[in-house]
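Residue strings, one per chain:
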Amino acid sequence: MGPDDDGVSFAHALATLKEQGSALLVVGSVPEEMFADASATMLGDPSADPPRRRLVVTPEPNRHSAIGRLRDTGPLSSEYARLITRGEEARSAAASRPLDQVTPRTHVIEGSIYELGATVAEVIDEFDLFAGGLEPAEFRMAFDCLPTLLSAYDRETAFRFLHATVAQARAVSGLVHFRLPRALDAEVVSLLRPLFDATVELRIDGDRLDQRWHFRDRDLVSDWLPIERSKHA
């Protein structure tokens, strides 16, 4: 994709996704801290007015990275930021934090994929209530647990969960992204891509993190573009 007409098409495609709400599949194996940078740009600008209402769904080992992303992209009060994680370790960590340590409200899931889906829906509903009706792109979600779901459940169950969760986000015109650290041509990526409006491919070029966008409903693939940590959607 070149810098002229195609560049305008790319900018228009991004604007359309933001206007209508969208779901992105983020692929490519990069270090956790680099993925966190890419994810933060998708969670939004910390100076946005009104602030973005952000949810991160993450495995317990990545909890601190998730909190860092929420801290970097807006207020941490419960009407603007939530964290969903799972297990007894997560519950103990949430309960034992110092009283003066500001962290997002954390929902700990100990049950099934259905409990996870219900909790995501509950958070979206609460954000919608706080906002008095969410504006397009006001709700943002980073979903880091896709590899965990794919290892714990059969693909049909995971597919149905993703379909329902993406539909809930689109209903409020949210921008959500799901991490799957696999190559673009991996079989599981090909299986899941039709659920998403675009697939964002990550790679490391030297010490730089690049992204390339593949749009589902357009014959459009971007160039490799550097991710600048200071720039947010």
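Refer to the structure printed above.
Residues numbered from 1 in each chain as written. Predicted model: local features only at pLDDT ≥ 70, side-chain atom pairs only at ≥ 80, totals over all residues. Heavy atoms only, no water.

**Side note on the environment of S39**
- Note that S39 resides in helix α2 (residues 32-43).
- Owing to a relative accessible area of 0%, S39 belongs among the buried residues under this scheme.
- Distance from S39 to M141, taken between C-alpha atoms, is 9.3 Å for residues 102 residues apart in sequence.
- Among all residues touching S39, those that are not within four sequence positions of it are R69, A142 and H177. (Helix = DSSP H or I, 4+ residues; strand = E, 2+ residues; numbered from the N terminus. Buried < 20%, exposed > 50% of the residue type's maximum accessible area, 1.4 Å probe, protein only. Contact = heavy atoms within 4.5 Å.)

**A word on the pattern of salt bridges**
- Inspection of the entire model under this criterion finds 14 salt bridges.
- Linking R69 and D144 is a salt bridge whose minimum nitrogen-to-oxygen distance equals 2.5 Å. On the criterion of sequence distance, the pair formed by R69 in helix α3 (residues 63-72) and D144 in the loop between β5 (139-143) and α6 (146-152) is long-range, its members being 75 residues apart. One exposure class covers both R69 and D144, and it is buried.
- Close ionic contact of R208 with D205 constitutes a salt bridge, the shortest N to O distance being 3.2 Å.
- Under the relative-accessibility criterion, D205 is labelled partly exposed at 35%. (Salt bridge = Lys/Arg side-chain N within 4 Å of Asp/Glu carboxyl O.)

**Comments concerning the packing of aromatic side chains**
- For the structure shown, the criterion picks out 7 aromatic pairs.
- Seen in terms of ring centroids, F10 and W213 are 6.3 Å apart; in terms of plane orientation they differ by 70°. Their pairing is edge-to-face. Within this pair, whereas F10 is found in helix α1 (residues 5-20), its partner W213 is found in strand β8 (residues 208-215), the two being separated by 203 residues in sequence.
- Of the residues examined, F10 reaches a relative accessible area of 10% and is grouped as buried.
- Here W213 and F215 contribute two aromatic rings whose centre-to-centre distance is 6.0 Å and whose plane-to-plane angle is 25°, an arrangement assigned as stacked.
- Taking relative accessible area as the criterion, W213 reaches 9% and is therefore assigned buried.
- The exposure class of F215 is buried, given its relative accessible area of 7%.
- Connected via pairs of aromatic rings, a cluster forms that spans F143, F161, F178 and F196. (Phe/Tyr/Trp six-rings, centres within 6.5 Å; stacked < 30°, edge-to-face > 60°.)

**Details of the sheet that holds strand β1 (residues 22-27)**
- The strand order β4-β3-β2-β5-β6-β1-β7-β8-β9 describes an open sheet built from 9 strands, whose pairing is mixed. Two strands bound the open sheet, and with one partner strand each, they are β4 (105-109) and β9 (225-226).
- Relative to β4, strand β3 (residues 81-86) runs parallel, the two being bridged by 5 bridges. Opposite R86, over in β4, you have I109 as the bridge partner.
- Seen against the sheet, α2 touches β1, β2 (53-57), β5, β6 (175-180), β7 (198-205) and β8 and runs at an angle of roughly 165° to β6. (Pairing = 2+ DSSP bridges. Axes fitted to C-alpha atoms, helices over the stretch in contact; angles between N-to-C directions.)

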